[in-house]
Structures are given as structure tokens and as C-alpha cells.
Amino acid sequence: MPEGPTFAEPAATALLLPFAGSRRELAEYETHGGYGSLRKAVGMSSQELVDEMIASNLRGRGGAGFPAGRKASFLAQAEPRYLVINADESEPGTFKDREIILRNPHALIEGVLIYLWMIRGAAAYIYIRGEYAKEASILEGAIAQARERGYVGAPLLGTDYVPEIVVHRGAGAYICGEETALLSSLNGDRGQPTAKPPFPAVSGAFKRPTLLNNVETVATVPTIIGMGGAAYAGVGTEQSTGTKLFSLSGHVQRPGNYEMPLSATYRDLIEVVGGGLPEGRSLKCFVPGGSSMPVLMPEQLDTGLAFEAVVAAGSMAGSGAVIVIDERTCMVRFALRTAEFYMHESCGKCTPCREGTRWIVELLRRMEAGLGSSEEIDLLLNICDRVEGNCLCVLGDACAMPVRSHIRNFRAEFEEHVTLGRCPCPDDAPMAELYPPLLRAPLPMVTV
Amino acid sequence: MAELYEAIQREIAKYPDRRGAILPALHLAQEHYGWLPPEAFEAVGEALDLSPAHCLSVASFYDMFFLQPVGDHVVEVCTNLSCALVGSDRLLRQFERELGVHAPGTSEDGKVTLRRVECLGGCGWGPVVMVDEQYQEHFQPEDVAPLLTELRSTPRPSESHA
Amino acid sequence: MSATQPATETVTLTVDGREITVPKGTPLVVAAAEQAGVEIPVFCYEPRLGPPIGACRMCLVEIEGAPKLQAACTLSCTDGMVVKTAETSEQAKDAQDGVLEFMLLNHPLDCPVCDKGGECPLQDLTFRYGPGNTRMTIPKRTYEKPLPISPSIVLDRERCILCYRCTRFSGDVAEDGELVARERGAQSVIATFAEQPYANAFSGNVTELCPVGALLPTAYRFKARPWEIVNVPTVCTGCATGCNTWATLRENKVERILSRNHPDVDDGWLCDKGRFARFEPRDERIATPLVREQTGLTAAAWDDALRTVGQRLRHHSSLAGPGGVAIVTGGSLTNEEALGWKAISDSLAARTASAPVAAAADWESLAAYAASLVAVDDADAVVVIGDQEPADRAGTLDLRIRKARRAGAHLAIVGPGGTSLERDAKSFISTLPGAGSAVLAALTAAVVEAGGEHVRSDAPTAGSLESLATAAGAEVGQLRELAGALTAAQRPVLIVTDAVDTADIARLAWALGLDRRAGGVLPLPVGANERGERAVGLVGGWDEVLPALEAGTIKAIVLVGCDPVLESADGERWQLALAQTEAVISVAAFTNGVTSQSQIVLPLDVEHERDGTVMNLEGRVQRVRPSLAPVSGVPQIEWTSRLAGFIEVTTPASPLKAFTALAESNPAFAGLSWTEAGDRAELQRERPAAERPAAGKPAKPAKAPEKGAFRLVAPRPLFSGAAVERTASLAHQRAGIVVLARADAERLGIARGAQVVVRHAAGEHVGTAQLSRRLLPGTVRINWRGAAGTGSTAVVGAQ
Ligand SMILES: Cc1cc2nc3c(=O)[nH]c(=O)nc-3n(C[C@H](O)[C@H](O)[C@H](O)COP(=O)(O)O)c2cc1C
Ligand code: SF4
Ligand code: FES
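Since this is a predicted model, take the numbers as computed values, not measurements. (Residues numbered from 1 in each chain as written. Chains lettered and ligands numbered in written order. Predicted model: local features only at pLDDT ≥ 70, side-chain atom pairs only at ≥ 80, totals over all residues. Heavy atoms only, no water.)

Examining the sheet that holds strand 1 (residues 73-78) of chain B
Residue and element names in this part refer to chain B.
Argument step 1. If you trace the five strands from one edge of the open sheet to the other, you get 2-3-1-4-5, paired in mixed fashion. The open sheet has two free edges, formed respectively by strand 2 (105-106) and strand 5 (134-136), since each of these has just one partner strand.
Argument step 2. Relative to strand 4 (residues 129-131), strand 1 is paired through three bridges, and the arrangement is antiparallel. In the strand pairing of strand 4, Val-77 is matched with Val-129. (Pairing = 2+ DSSP bridges. Helix = DSSP H or I, 4+ residues; strand = E, 2+ residues; numbered from the N terminus.)

So, in C-alpha cells, the structure goes:
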């Protein structure tokens, strides 16, 4: 990964990431004012901190966009309580939390310490996806520096409160990004979601009240406390305040992570910051917020990046992962690859997701191979309907929503596959060598 | 053996409930054994006071734990959307040709295990390949042969640390 | 017992247009079915497995105001809730059809050859709601099948709908974590670890929990169809818990045992002994009276045999005077059968002995502090004292203790360690083996020292806390902590698993003021109906009879349904003593250690052959019903009455008459009704006022063993006895185990899983090594089939 600038115009408001390079060293972070917000926070009461978060109107950056301040205010009072940071970042197309950890880890640590102080948490657990081995060791290093500096593992800045931070590595399961699944995993069970209630705010990590937030959300906390919630709320739109990181990938000239004010548009991101599509290519559609979101069409490029704007356009801002797709791409294959991912990642706990995602994949596979029929396309839509909204968590929806949007927007392509009896794409199209399904090795049988 | 037991006890100390240490314990065991054979689950179960079956149940849920032996090096190619859009399938086939195996599989000489994996979170710099838990970005088919030559001549990462 | 409950708050809601009012917090699925008469279909929902998990999604309903359908099983009724089930909501109906279709995607639909056919919720729901035709164009998942997951259970993964009932039972109820799901998503399967059998003592429950034909008892496969069977309601007499069961009868054979769920007794669970053990094969049973001739035991006519028995007993009784005859039982008779023997022994002025240790069976002396089984559920502290696992003596009590702990009770285990309950206990106090009595005395002193609201400082203590703790091998600090927790608890339950003098228990109970609190003491009898036999009047213990037998003051002995040669720690002494006794008469189901020494052997009736009542460990009188005729053709109660005739006493010849006699004349049975005992029997009990127990010296634990030897902990395991030993599918439950302390194992170079030999006074035990981090070093725990004498020494070596 380039260590150089991945930020360009027009976000004159780089609040979270440094304009250039990285600030991995604590000393360097402190020379830029780092840990100043922590000092300020220690002089504030829990309620004042929560109020500040509410005033900032920061919406969670993990995908659902839930107001961070309100979430903090729900936390049950019983002790001990825990803070859990969601660094599982696995939604395809998303790589922003990693950028924060690589380039500005102390922003996260400072945010964690402020949040820990706010809830007087017994400890914070940073649940980081297993594949981020390097990132985990960078975090460990940053925490070690903070420990050396007396911010961690010792009474915090003259108080009698001792914060602890543990980096907890996952082991490769997308579902562990879903908060209740993450908590099951942290608690030593299979990483499967659980029914709510009980909500994590009442029973989460180790069955105790738990505040759980995304890396970016928490890394933004020092900025908010530093500049004040109200000032932060002045950036972005009224309903989507501040700046947010967007992960740009796919058929675009300058892929990377960009911090954008939420008042900007997808056109700003893709065309201005990202440099548009490579020469001679045209935009077929784009994924606005991670692979689970319905795609938007070229005519929707002027949609705002704000949560409410994306919803109005018929999709969701999700994790902020924007995947640009050019005109040569086969949408049946794109749908198949999308669905395969969710099938592979389905935890297997609830019926519609476990069986539905498999059925969707199998049908898409038939279609991609030119089998099936027009009725089967309708069957596929019907299965998507029966999955969506009926599962224990929204992983099933995450499979059904994009597949449906691909069929709706590109039905002719699907029809063409089944009437032609093959994929019409040329050999040099993206994903032309589509790889067969991802299956694990056959299971050894148990005999007694 | 005793080292693994002790290392797991140190992990347990970080959690208010010993069960919380199961993932760190499984990571440690995989480092120790190279993969997770049945005795790894017995050892982890004993160290955590949990049934080996529970440890297996947890391990088998995740993609990073190997329930079958793997080669000295593990090469994992992301074929998820962003990488696929920029040619990861072609790259994977190149690996397969060079290694003479289908993913998931291990080359005949036992040197390299090839796996196909889902999004690694490097989407802007695809195709991404993870080699022994290290990311390599913008990986092109022509990079395959040099990498494999290098891997074939280097020992297992755990041994090179030692 | 507890203060008057505040009137329960109620809520009013609408289900499919019907307004219902239910207590706040009632699960919606329950309220809908019971109050609105709307059945919401469920698969994964099973409240006994813990909180609902909302996994199968069969129960989706529309809730007014909710953006999407909700799993009814995870909802509790709230005020003003408006619920539309599939009956009235198109959306819910479509979702439910969808879920069912998803479930059948992989299901083989082999109902005609499936043993669950006819009793299968999936089959029922498919008929009721299922799509008529299939829209499937994709292949089904296939698996090798059936797969034995243990000798007693087979798994068919194709039929499995992944409702996780079985794995939740294993993980969250039995807490063994041995039956698990492995892999993820559509590849998830139910499995055990590395081809090992699912060996939990309660494993059979999963066959009842599984809502499809995926987990079935091996013994019942292809045995019967639901319309050919009769289910007889009865009570298990495998131990003193008294779990309520159905015996499934087909063509004169008990093919299956199912739970009859008495929430106050068994919570709907059974242990594998109760479920799978059978006194079979029937043709190996002692089926006629046998009289010893030159050639050995030979079949005799009933009247001849009974007359001879009567004559001999009268002869010895008149010759030797009171106590010259002994009637020894072991808690295996019904109350009604026991009544016959009581009359006989009275007329012979015989000694009786129903329990291995007399002082440990003086239940009445603890009546003031008695706890019921449900008291464990409500307990805020549960203390288990003794060498044995509670399950060794009271199977499903183990599950109840775990349930209490999960509900927040402070669970403390006091013993030498190496048991499965310690793992998640709040506190574990290490003591010497065989130190139950000393521990109780030390705790009494600690409680008196701690003082507190309920504590009686006048409780007799047998010495200083320090000296008593030393005798018990316990740490003073730990005892103080436990005493603190016990005095602070509002509803503590004390479970004593060892055969200690009940006076030891009474002193602690008195100190704790357990008579004035909810909770109480729950000592565990050895025999299934030990309490009943004693209540009928067969008092005394084997430990009192043995010296008299050895001294020759007992001239004639009748052993009814017991085998002290195997079941007593003094087996060898019993064997010698019996050999020199003039008249030995036994009543047994199979030939055993005492029949070989008997001149006359009479057939014993066993489970499923007897009609009558038994009294469980809490004192609940429940009815056992016969499914089969006794092998001998003559019910024991009937021939006992004939035998009584030869001794010139009359005893009732029918169970009902005997029960009526008991209800009329015996205070322990007063007011009981035959009909009620046969359904879900109530526990009738009033605690008498407590009296300050007399002071006494605690029994001392055995002396330290010779250098190099180990102290032995060898309780008689749950999986022992004539029926268990004859049930092939329980062989894995009896497999030899040797638990060693980690430190000892390391010292001896014994690895986990190694085969180890333990030599002890009663024999040689070979088992697989298990390492325990809590077992007291220098101690070895084994699951010997008999009673090997806890506290005695043993020698351990790798095989
Ligand atoms: C299937 C699924 C996967 C998710 N993955 C992630 C993830 O990788 N990282 C993340 O922060 N949140 C993820 N989420 C969202 C979390 O459940 C949760 O809402 C979020 O972490 C809360 O943090 P926030 O309030 O700061 O946004 C996922 C949700 C679902 C349903
Ligand atoms: S085996 Fe039966 S109980 Fe277990 S998950 Fe499958 S269907 Fe449910
Ligand atoms: S019964 Fe409600 S989800 Fe299974």
C-alpha cells in the first residue's frame, strides 16, 4: 500500500487522516496536537462527553449510520462495562479502517481512551479481522507506546481510572463484522449473530453492557471533542455531519481512500478525486456503499454522499465502499460473484440466509452458464424477496438486495444469457475467467 | 507443549472469561503445529478448560484456520469483486498453472498451498495476494513465477523466525 | 415459603384480531397458543434450552409498527402489541412458506422410511403449509448416513434442519460441548470431535429434542411406527431422582423411554441410564424360584420354595431370638413391596437394612431443613459437598444445578476435585477424599464464626475452625469465604453427595438456620427408593448388619434386590461373612455376587414390571406402572404376601391395597392419593420445627497413603448396575476413566489419553487418563463399577 497521499481535492476538511504520509509514532502524533482531546475529555464528565457526541450528530461509520451519541447514551449502567471496537472491515470494497490504522493509529487509540473514560469501561477490545496481521501489530505497537507514555495501563492523567486496551484478532469470517456476531466470536463461541434483545448495550462482551463502534467512528471522536460537537456538525449535511472516508476501487483511475465532507457527491468522488474511469471506458454502474448495496446508475452520479441522499436514490451509503464498474462488465457474473461471497460468509444459523443464499448462487450459476429460463429469473427474484427481511441478521439482505438490483437494472443481460445459452461477454472482459465456486475441502466423516 | 499451554494462559489473562481467549489460543496452536490437527484441539481445549469439540466447532467456522495440513507457504488470492474487476481470476489461474494444483490445494513438493479467499480489504490496490499473512498488492500474472521461485527456496515462516 | 408475591402485572394484546390478556413477559408463541388459540409453528424454539435464538425463522409474524417480520419466538408480550400471524397476514404466510421451502431444499423427504414419521413436526408442518410442488432445479446436499454419533444415537445429516437444538443442549444445558456444529453456512453439519462418541450422560435427550428424524436412538431405529405402540406413563427407578417417563411398548417389549416432563422433578430431561438401560435379555433373568441342590441352583415350585423360606426364617428367628434374621434391601423395592417385607421382618423380629450406611439415611432428622428439587432452581447459592458428582447418585439433578448456576446462583464445589461441575463453579474448595463429615464440621464452625441474620451461634461445633479445616484438608480462608456466601444467601441449597452421618449435616443446617429460609439441604440417597423403604419401616444400614453377620449373631439373611458384595465398599468382608452364614436367601433379577452364595433365590421384579409407588430423594411419592408382566409370571408383591402367609402374617397382595394401607397408617404416606401419585405427583411436605442437634465428633478422613500410593476416589458411578452392564449401547458410558492431577501425571509421565491401571482393595481398574488441574495431587479418581472404598489407597501406573 502506498504510504504517500491518497487524499486529493476537494476535501479541504481532512479531519481524520493526515494529508500526507503516516503518523505512526506517538511523538509525531503529539506534535500535531495528538492526545490533546484526551486531556480535554478527562476534564469532562461522562454526560458532557455523551452530550458532545450527540451535538456532533456523528453517524456510525460501520455501515448502519446509527447516531453515535445516542448509542453511547443507551449503555446500561451496570458494571463492569466494555468498549468494543469493530475493526473487522470485511464488506467487499471496504478498506478504510485499515488506512486509519496504518496511517493514524493513535487517532484510534485516543478515541478509544476518550470513550473508555466516558463509560469508565473495564477494558476495550479491538476486534480486528484476522487477515490484518500487520495492522494488528501496528496497533499493538501504538498501544505499547501509549502504555509507555502512561495513557494505558496506568491511572489516566491524574484520575484513578486505569484504561486497558486489548487487540483481539479474528480469523476470517465476514459475519464477525455484524455486531452481535462479533460479540459471540469475542465471547468464545462461533461468530454467529444473536437475536436482539438483549442488545449489546445490556449484554454484549462477556455478557456485560457493551458499547460497540466502528474504527472510523471512534477515530473521529478526538476530532469532535477537540473542535466541539457543534462545530463538527457544521461540516457535511444536516443529517450527515462531518467527513467520512470513502474506499474507491474498481475501474477508476486513482483508487484509494478519500476523506470527503458528506456534502460532496459521488461525481466528486469518482470523477474529481478518483480521476474518473480509465481512458476509453464508460461507467456502467457503481456500488455506492459496499457490495451489499443496490447499485446506482450513471445518471445517479450526482447523488450526494450523505446517508439520506443515498437512501433517496434507492440504495444505502453502507460502509462507504465505492466500486466503479465499466461498461464491459458482465452483470450476471458480477451478481454471481457478489452472491457467492454472501453464501460463503453466511453463518448458517438461520434458515433463509443459509439456504437462500445457496439457492441464489446455484440459480445464478445456471444463468451464467446459459442454463435456466426467463421463469428462473423470476424465481430468483422471488427467492431474493423471501430472503430479504426474514433473516436473523441482515447478511441475507446483503445478498438479496444487490442481486435484485442487478436483475432489475440489467434484466436484458440476464435474459440474453439464457436465450443465448452462454455468456455473451468477450474474452477480455473483466472477470472473463470467472473462477468456480469457493468451497471448502470435503468434510471428513465421523464414524464411531 | 508446555510452552503452548503457558502462552495460552497468558492470553486468558487478557479476558474476564477464559472462553474469550479461544481465537488467540487457536492462532497460537496453528503457529505451533503449522495447522490444526486433532491434538491441537485437545491441547487448546485442555488449556482453556473447554471441550476439544467446541474448539473444533469454533475453528471450523473461520477461514484462517487450517483443518488440513498446508504447505510451507500459503498463498491466498483474493477473487472478490474489486480484485475480480481488475483480473484476479486470471491471476489465480496463473498460480494454478505454475503450481499444478487447483485451489485450494498444495503443490506436490509440499512447498506452497494455494487458496482462493474473499475480500482482503486491499480493494484499491488489487489484485491482492496474501503470502504467509503478508499482503502483496497490484499483483500481476507475470509476478507469479518469481514469487514461487522465491517461496520454494525459503523455509516455513515460523522456522525462519526461530 | 417466600413473601407474598406482588400481583403479576398483565398486558393486553391482539393476536389475529383476538384480544388476550396475559402476564407481562409471557413469550408470544406461548400466549398465542394458550390464550388466542393460534399456533405459531416453531422448530428451534425450546425454552428449556435457554433464551430463544430465533434461528429457524419458522415463527415469523407481522407486528404492527415493526418495519419487517419478527420471529415470534424471541418476542415477549407487551401491552398494546398487535400481532398478525400467518393466519391473517399474507406477508407472514409467504415468509413461512418460504422458510419451509428453504428447509426442504435439502431435506430428503424420506418420511416413509424415517422413524420420526408420524411424530415429526417437520412432516406435520409440511403437510399443513408446505408447497404442493417443488421449484427446485438445483441438487440437494448429500451426506453419508446414518452416522452413529455414539453407540446409542445415529445422525442423519440430510434430514437435519440445523435448528441447533441438539448443540444447544450439549453446550448450554449439559454443558459438555461435545456435540457441536462444524463448518459454516450451508456446509454446517452436526458433529462430534474426531470420531469420538458423544458420551455425555444425558446424550439421549437430543433424540427427543430433534424436531426431525436426524437424531434417533439406535435401539429404536426401524422398530415401530407410531400407530403400533402404546405409551405407558411411569417413573424411572434408575436413581432416586424419580424422573417421569413414558415407556413405549410394542409387542411386549419396551422399545423406548421418553420423558414425561415433570417440571418440578426432571425438567423434561432423562439421563442415558434411565433412557437406555434395560434389564435384558429377559431370558437371562431369574424366572422361577431356585433352590440349591447338589448340582447347583435348580428350579423349584413357588409354594415349595416359599414354604422352605418361611420355615427357615421362622426356625432361625425362634432359635436365635430378635435380630437373628436380617432382611437387607437396597432401595430397589416399591413402597408396597417393602410393606410386605416390613410385615415379615416385624413378625420375625428381624433386623432390617435398606441403606449402605444407616447414619447417612436418617432423612427424617433433616426434615426441618429439607429442600425440594425445584429449590435448586430458585437457589442463590448451591453448595455441593462430597467426593461424588451429584449425577453419580441423582442423574438429572446435575442439569438442574447447572441451570441454577446459569441463572446466577453461586455454585460452590467442595471436594477433592476432578469432577465436571467444578469447571464453571464460582468457587472450588479442595478437600481430602472421604472428608465430607470433617468438611461439614469445619463449615459449621466457619458459619458460626461468620454470624449473620440467619445464623445460630449455639450450633454445636466440634473444635476450632483451624483444626477442623486441617482435618478436612481445606484452606481456612476458603471456608470463611464460603461461609460468608452461605450466610449472605437468601435461598441456599446444600447438596451432600457422600454417605455422611445426617447429624453432621443437621449441625450445619442448624447453624445456617436453613429451617427458616427457602432452600435447605438435599442429601442424596444411594438406592432409588431408599427413602421409601425407610419410610415404610425398613430402617437400618448394611454397615450395622455386617458386624453382626461376621459375629455370627445373624443366622439367616434375606437380600432383596441388592448385592453388597459389589455395591458396598466392604464387598470382600460381605463375601466372607455370607459364606459362613447358615441361611442365605436372595431375591435377584440376574445371578450375581449374592445369588452364588444363596440356598434359595427368588425372582426380582424390575422396572416396567411393577405396579406401585416410590419415594424420590425429596420425598415425593410417585407411581410406577407396569408395561410388562414379571418374568416369573407372579408379581413380587403377590408372592411376598404368600410368603408372609407361611410366616403367619398377612400383607396386602395388591399394590393398591398396600398403598391404601400405607396411606391409612403411615404418616409419611398420609393423605396421598393413588391417582395423583400416578400423574404429576405433588410434593407433600411440611417442615417440622428444627431442634438443636446434639454435638458430635466428625468422622476422620482416611489416613495418608503410603509413599507412592494414591488416595482413591471411587464413587459408584451413575452408569453401573445390572441393567447398565447388560446394555451394549451404554458400553461407552462405562468406559474406564482415570482422573489424575496434572502434576501427578507429569511426574509419572502419563499423558492425557494414555491407558492407566489403578490397583485398589476391590480390584484393578483400567482406564483412559484424564488430567485435572483441580484434583488434589496424590489422589486418583476412577469410575469403578462397584463401590471401591473412597479414601482407601491405590497404586497407579501406565499400562
Ligand atoms: C453482515 C454485516 C457485516 C458488518 N460488517 C461490519 C464491519 O466489517 N465493520 C464495521 O464496523 N461494521 C460492520 N457492520 C455493522 C455493525 O453491525 C455495527 O453496526 C457497527 O460496527 C457499529 O458501529 P458504528 O455505530 O460505529 O457504525 C456489519 C453489519 C452487518 C449486518
Ligand atoms: S440434528 Fe436435529 S436437533 Fe440437531 S440441528 Fe439438526 S435438526 Fe436440529
Ligand atoms: S421458532 Fe422462532 S425462529 Fe425458530
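Focus on the site of ligand 1
All names here are of chain A.
Argument step 1. In the region of ligand 1, 17 residues are neighbours, and Gly-62, Lys-71, Asn-213, Asn-214 and Thr-217 sit closest.
Argument step 2. Within the backbone of Gly-62, one N or O atom sits 2.7 Å away from an oxygen atom of ligand 1.
Argument step 3. The backbone of Glu-179 places a nitrogen or oxygen atom 3.0 Å from an oxygen atom of ligand 1.
Argument step 4. In terms of residue count, the dominant contributor to the shell around ligand 1 is strand 4 (residues 210-214) (three residues).
Argument step 5. Residue composition of the shell around ligand 1, by class: three nonpolar, eight polar and six charged. (Near = heavy atom within 4 Å. Polar contact = N/O pair within 3.5 Å; in protein donor to acceptor, adjacent residues only side chain to side chain. Nonpolar A, V, L, I, M, F, W, Y, C, P; charged D, E, K, R; others polar.)

Some details on the environment of C:Leu270
Residue and element names in this part refer to chain C.
Argument step 1. Following the sequence through the fold, Leu-270 ends up in the loop between strand 13 (253-259) and helix 6 (272-276).
Argument step 2. Taking C-alpha positions, Leu-270 is 33 Å from Arg-742, a pair spaced 472 residues apart along the chain.
Argument step 3. When residues no more than four places from it in sequence are discounted, the contact partners of Leu-270 are Phe-202, Asn-205, Glu-208, Cys-243, Asn-244, Thr-245, Ile-257, Leu-258, Ser-259, Arg-275 and Thr-396. (Contact = heavy atoms within 4.5 Å.)

Description of the sheet that holds strand 28 (residues 710-713) of chain C
All names here are of chain C.
Argument step 1. Reading around the barrel, the six strands line up as 28-32-29-31-30-33 and close back on themselves, with mixed pairing between neighbours. Each strand of the sheet is rotated relative to its neighbour by a mean of 45°, with strand direction disregarded.
Argument step 2. Judged from the five bridges that link them, strand 30 (residues 755-760) and strand 33 (residues 793-798) form a sheet pairing that is antiparallel. The partner of His-760 across the bridge, within strand 33, is Ala-794. (Axes fitted to C-alpha atoms, helices over the stretch in contact; angles between N-to-C directions.)

Considering the site of ligand 2
Argument step 1. Close to ligand 2 lie 13 residues; C:Cys160, C:Cys163, C:Tyr164, C:Cys166 and C:Cys210 are nearest.
Argument step 2. The class makeup of the residues in the shell around ligand 2 is 12 nonpolar, no polar and one charged.

Describing the interface of chain A and chain B
Argument step 1. Residue-level contacts link 72 residues of chain A with 48 residues of chain B.
Argument step 2. Here B:Glu133 and A:Arg169 are joined by a salt bridge, their closest N and O atoms 3.3 Å apart.
Argument step 3. Joining chain A to chain B, the criterion identifies 19 residue pairs in polar contact (both at pLDDT 80 or more).
Argument step 4. Looking at the side of chain A that touches chain B, the elements that each hand over two or more residues are helix 5 (96-103), strand 2 (123-128), strand 3 (165-169), helix 8 (179-186), strand 5 (243-250), strand 6 (256-261), strand 8 (321-326) and helix 13 (331-345) of chain A.
Argument step 5. For the side of chain A that touches chain B, the element with the most residues is helix 13 of chain A, which contributes seven residues.
Argument step 6. Taken together, the residues of the side of chain A that touches chain B sort by class into 35 nonpolar, 22 polar and 15 charged. (Salt bridge = Lys/Arg side-chain N within 4 Å of Asp/Glu carboxyl O.)

A few points about the pattern of salt bridges
Pairing between side chains of opposite charge can happen when the charged atoms of each approach one another.
Argument step 1. As enumerated under the stated definition, the model contains 92 salt bridges over all chains in all.
Argument step 2. The residue C:Asp94 makes a salt bridge to A:Arg386 at a minimum N-O spacing of 2.8 Å. Note that C:Asp94 is positioned in helix 2 (residues 90-104) and A:Arg386 in helix 15 (residues 374-387), a pairing that runs across two chains.
Argument step 3. Judged by its relative accessible area of 32%, C:Asp94 is partly exposed.
Argument step 4. Three or more residues joined by partner-sharing salt bridges are found here, namely A:Arg337, A:Glu340, A:Arg358, A:Glu362, A:Arg365, B:Asp89 and B:Arg116. (Buried < 20%, exposed > 50% of the residue type's maximum accessible area, 1.4 Å probe, protein only.)

Quick word on the packing of helix 12 (residues 436-450) of chain C against helix 15 (residues 502-512) of chain C
Residue and element names in this part refer to chain C.
Argument step 1. It is the contact of helix 12 with helix 15, at a shortest axis distance of 9 Å, that shows an interaxial angle of 15°. Accordingly, the angle class assigned to the pair helix 12 and helix 15 is roughly parallel. The handedness of the crossing between helix 12 and helix 15 is left-handed. Along its contact with helix 12, which presents Ser-437, Leu-440, Leu-443, Thr-444, Val-447 and Val-448, the element helix 15 presents Asp-504, Ile-505, Arg-507, Leu-508, Ala-511 and Leu-512.
Argument step 2. Residue composition of the contact of helix 12 with helix 15, by class: eight nonpolar, two polar and two charged. (Parallel < 35°, antiparallel > 145°, perpendicular 65-115°, else oblique. Left-handed = near helix turned anticlockwise from the far one by under 90°.)

Comments concerning a negative patch on the surface
Argument step 1. Judged by side-chain charge, C:Asp264, C:Glu676, C:Asp679 and C:Glu682 come together as a negatively charged surface patch.
Argument step 2. Inspection of the secondary structure assignment puts C:Asp264 in the loop between strand 13 and helix 6. (Patch = residues over 30% accessible without salt bridge, like charges linked within 9 Å, V, L, I, M, F, W, Y side chains within 5 Å. Areas by Shrake-Rupley, 256 points an atom, 1.4 Å probe, with all protein chains shown as cover. Lys, Arg positive; Asp, Glu negative; His and termini not counted. Charge placed at Lys NZ, Arg CZ, Asp CG, Glu CD.)

Regarding helix 19 (residues 571-579) of chain C
The periodicity of an α-helix, 3.6 residues per turn, causes residues three or four places apart in sequence to face the same way.
All names here are of chain C.
Argument step 1. Buried within helix 19 we find Gly-571, Trp-574, Ala-577 and Leu-578. Relative to the axis of helix 19, the buried residues are bounded by an arc of 125° and lie together on one face. Exposed and oriented more than 90 degrees from the buried face of helix 19 are Glu-572, Leu-576 and Ala-579. (Arc of directions from axis to C-beta.)

Some remarks on the domain arrangement of chain A
All names here are of chain A.
Argument step 1. Domain parsing of chain A yields domain 1 (26-232), domain 2 (243-326) and domain 3 (331-440).
Argument step 2. Relative to domain 3, the C-alpha centre of domain 2 lies at a distance of 23 Å.
Argument step 3. The interface formed by domain 2 and domain 3 holds one salt bridge in total.
Argument step 4. Lys-284 is the partner of Glu-413 in a salt bridge, and the nearest nitrogen-oxygen pair spans 2.5 Å.
Argument step 5. Along the contact surface separating domain 2 from domain 3 lie four residue pairs in polar contact (both at pLDDT 80 or more).
Argument step 6. Ranked by the residues each element gives to the side of domain 2 that touches domain 3, the list is headed by strand 7 (residues 283-287), at three residues.
Argument step 7. Along the lines of polarity and charge, the residues of the side of domain 2 that touches domain 3 split into eight nonpolar, three polar and two charged. (Domains from an automatic or database assignment.)

Description of the interface of chain A and chain C
Argument step 1. Each side of the interface is counted separately: chain A has 42 residues, and chain C has 50 residues.
Argument step 2. Buried surface at the junction of chain A and chain C, both sides included, amounts to about 4,000 Å², of which 54% is carbon and sulfur.
Argument step 3. Where chain A packs against chain C, one counts four salt bridges.
Argument step 4. Those elements that place two or more of their residues in the side of chain A that touches chain C are helix 13, helix 14 (351-368) and helix 15 of chain A.
Argument step 5. Looking at the side of chain A that touches chain C, the element that brings in the most residues is helix 14 of chain A, giving 10 residues.
Argument step 6. A class-by-class count of the residues in the side of chain A that touches chain C yields 19 nonpolar, 11 polar and 12 charged. (Buried area = accessible area lost by both parts, 1.4 Å probe.)

A short note on the nonpolar core
Argument step 1. One finds A:Ile360, B:Leu26 and B:Tyr62 to be the most contacted residues of the largest nonpolar core, which totals 89 residues.
Argument step 2. Counting residues per element, this core draws most heavily on helix 16 (residues 395-420) of chain A, which supplies eight residues.
Argument step 3. Core analysis: the next-biggest nonpolar cluster, separate from the first, contains 65 residues, A:Leu113, A:Ile128, A:Val218 and A:Val221 among them. (Core = buried A, V, L, I, M, F, W, Y, C linked by side-chain atoms within 4.5 Å.)

Description of the environment of C:Cys243
All names here are of chain C.
Argument step 1. Note on placement: Cys-243 falls in the loop between strand 11 (230-235) and strand 12 (244-250).
Argument step 2. Classification of Cys-243 as buried rests on a relative accessible area of 8%.
Argument step 3. Measuring from C-alpha to C-alpha, the distance between Cys-243 and Arg-57 comes to 32 Å, with 186 residues separating the pair along the chain.
Argument step 4. Residues in contact with Cys-243, not counting those within four places in the same chain, are Val-235, Cys-236, Val-265, Asp-266, Trp-269, Leu-270 and Thr-396.

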